[in-house]
Structure formats: C-alpha cells, structure tokens
Amino acid sequence: MALLFIPLAVLAQILGLTTVALISVWMIKYLDGFAWDGSSQQFNLHPFLMVIGLIYFYGNAIIIYRITSGLNVPRLAVKLAHFILQLCAFICSIIALVAVFQFHNANQIPNMYSMHSWAGIATVVMFGLQLLFGFLIFLFPKLPERYRTLYMSSHIFFGVFILGLAGATVLMGIGEKLAFAGNYSEFPKAAIVGNVAGSACIGFICIIIFIVTNPNFKFHSYEHVDKL
Ligand code: HEM
Ligand code: HEM
C-alpha cells in the first residue's frame, strides 16, 4: 500500500496544477485577463486566487506531514511549512474576496445573494478559525500536550471538511460564472475549460483526502515525535 504513496502524490500535483492552469486559461483567454479597477477583469482575480489558495496551497499543506514522514525532517520545520502554506492560502483567499466584493460594489451588484457566496464565506471564516486555533494550540504559545492531543481529532476533521466545502464552493462558482455568460447550454469552449477545471479540482481533493485519511501513508507514529 505504501508503494502507492508517490504515484498518488504526483497525480495530486498534476490534477492541482491542471485546475490552476485551466482557471487561468479561462480567465485570460476567454474573459479578458486581470486588472484591479472595479471591472470584470478585477472579478477574474477572484477564481484565480481562490483555486491557488483554497485548493492548491491548502491541499498541499495538509499532506506535508505525509510527504515528509520518515524523511527525518525536523518536526518544527514541518509544522512551520504546514502553517506558512495555510497562511499563504488564507492571504490569497482574502485578496480574492476583496476583489469580488469591490467588483460587486463598483457595479451596484448586491453582495452575498447566492448559495455559492454563502458556502464561500463559511469556507473562508472556518479556514481562518482553523488557522488561528492551529497556531495557538500547536505552535505559539502551544498548549500542554494533554490539550494538543484532545484537539487533534477536531483539527483533522475540520481540516478535511473545510477542504470539501471549498471544493463544493468552487463547483458552484464555476457553474454560476458559466451561466452568467448566457450561452452555457450551447456548450461553448469556455464551458469545456470550466467543467474540466472543476473535475480536476474534485479529483485533486479526492486524492488529498484519501492520503490524509489513510493510516498506511503515515510512516511515523506520534510516539517517535514530540507527541504532536
Ligand atoms: C473556495 C473558493 C471560493 C470561495 C471561498 C468563494 C467565495 C465567494 C464569495 C464569498 C462571493 C460573494 C461576493 C459578494 O457577494 O460580493 C463570491 C462571488 C462569486 N464567485 Fe466565488 N468563491 C470561490 C471560488 C470561485 C470560483 C472558482 C469561481 C468560478 C468562476 C467563482 C465565481 C464567483 C462568482 C461568479 C461570484 C459572483 C456571484 C455570486 O455572488 O455568487 N468563485 N465568491
Ligand atoms: C487552516 C489551517 C489548517 C488546516 C486546514 C489544517 C489541517 C490539518 C490536517 C488535515 C491535518 C492532518 C494531517 C495528517 O494526518 O497527515 C493536520 C495535522 C496537523 N496540524 Fe494542521 N491545519 C491547519 C493549521 C495548523 C497550524 C497553524 C498548526 C500549527 C503549527 C497545525 C499543526 C498541525 C499538527 C501538529 C498536525 C499533526 C500532524 C501529524 O503528526 O500527523 N495545523 N492539520
């Protein structure tokens, strides 16, 4: 089973990068590229930064303990890498939110009317709280071992759940943006790009969750490290 780890980790990278690449192609080739001026080009930064942050960085951050497992990397270095990747993901998501809210305000479009926006705001808020709790409990000031152990199962559960919610949000966002174009049912080229991006994104999340929830891919035990 452990032999499967490397092929799966490589496949995850291919799917994750395909998602980012296709969203970029869609925004640049079919939707006029990027700007920061309140126009629809500013909106285009929203999907782009969301998939880089809340999909690609996030997914990689949570398999980093498995990737470095058994490689003798210092525990603190792995923790810092896990934290810094999540921090980068969070920063991307905040800029992506500012981009879409400013775009809506500049064009008198109401905020927070869709299911996508509700799921999206829940994703970002829960992700921010997870980052804060993870930081305080595991890094600084770092709670005593008893509390770290107690919190660990919730940390892992929400770490996986929020990634699933981010995936659902991405799918809704892609569907909505394609529908706004008005020609979705004519199967335009942009729809193929968007649909493949969404499918690659779900494939990426599936492999990440498979890795993170599979005990065969944990090549260390808590007894051999500093107990979390
Ligand atoms: C996990 C990733 C994402 C999150 C957390 C997220 C979150 C949000 C939020 C909170 C809004 C509401 C903004 C407002 O009301 O002013 C919004 C709007 C929007 N997003 Fe996303 N988004 C994500 C990914 C995407 C993707 C990949 C697309 C695909 C193109 C997309 C398309 C849209 C569209 C079209 C709107 C405007 C319509 C609406 O408010 O539903 N989003 N997003
Ligand atoms: C939004 C932010 C975060 C998310 C989504 C998240 C998610 C996760 C997930 C899914 C795991 C399970 C990994 C595995 O079993 O291999 C995990 C493990 C862990 N996380 Fe986080 N985490 C976040 C922030 C943090 C922060 C800031 C710290 C502090 C350094 C931290 C410390 C840890 C530790 C110590 C583990 C246990 C790793 C092990 O030995 O298996 N996390 N996290």
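One can find the structure itself at the top, above this paragraph.
Conventions used here
- Residues numbered from 1 in each chain as written.
- Chains lettered and ligands numbered in written order.
- Predicted model: local features only at pLDDT ≥ 70, side-chain atom pairs only at ≥ 80, totals over all residues.
- Near = placed C-beta within 6 Å.
- Helix = DSSP H or I, 4+ residues; strand = E, 2+ residues; numbered from the N terminus.
- Nonpolar A, V, L, I, M, F, W, Y, C, P; charged D, E, K, R; others polar.
- Axes fitted to C-alpha atoms, helices over the stretch in contact; angles between N-to-C directions.
- Parallel < 35°, antiparallel > 145°, perpendicular 65-115°, else oblique.
- Left-handed = near helix turned anticlockwise from the far one by under 90°.
- Contact = placed C-beta atoms within 7 Å.

S.K.: Go over the site of ligand 2, please, and point to the residues and values.
M.R.: Near ligand 2, the surroundings consist of 21 residues, among which Tyr-65, Gln-130, Gly-134, Phe-138 and Gly-159 are the closest. Elements supplying a minimum of two residues to the shell around ligand 2: helix H2 (40-67), helix H3 (75-106), helix H4 (115-139) and helix H5 (145-180). By residue number, the principal contributor to the shell around ligand 2 is H4, which donates seven residues. Among the residues making up the shell around ligand 2, the classes are represented as 13 nonpolar, six polar and two charged.

S.K.: Describe the site of ligand 1, listing the residues and the values that go with them.
M.R.: Taken together, 25 residues form the shell around ligand 1, and within it Asn-111, Ser-114, Ser-117, Gly-120 and Gly-173 come nearest. Elements with a minimum of two residues in the shell around ligand 1: H2, H3, H4 and H5. If one sorts the elements of the shell around ligand 1 by residue count, H5 sits on top with seven residues. Its residues assigned to classes, the shell around ligand 1 comprises 13 nonpolar, 10 polar and two charged.

S.K.: Talk me through the packing of H3 against H4; I want residue IDs and the actual numbers.
M.R.: Contact geometry of H3 with H4 gives a least axis separation of 10 Å together with a crossing angle of 155 degrees. In terms of axis orientation, H3 runs roughly antiparallel to H4. The handedness of the crossing between H3 and H4 is left-handed. Facing Lys-79, Phe-83, Gln-86, Leu-87, Phe-90, Ser-93 and Leu-97 of H3, the residues of H4 in contact are Val-124, Phe-127, Gly-128, Leu-131, Phe-135, Phe-138 and Leu-139. For the contact of H3 with H4, the class distribution of residues is 10 nonpolar, three polar and one charged.

Everything listed here is a matter of geometry and, on its own, says nothing about what the molecule does.
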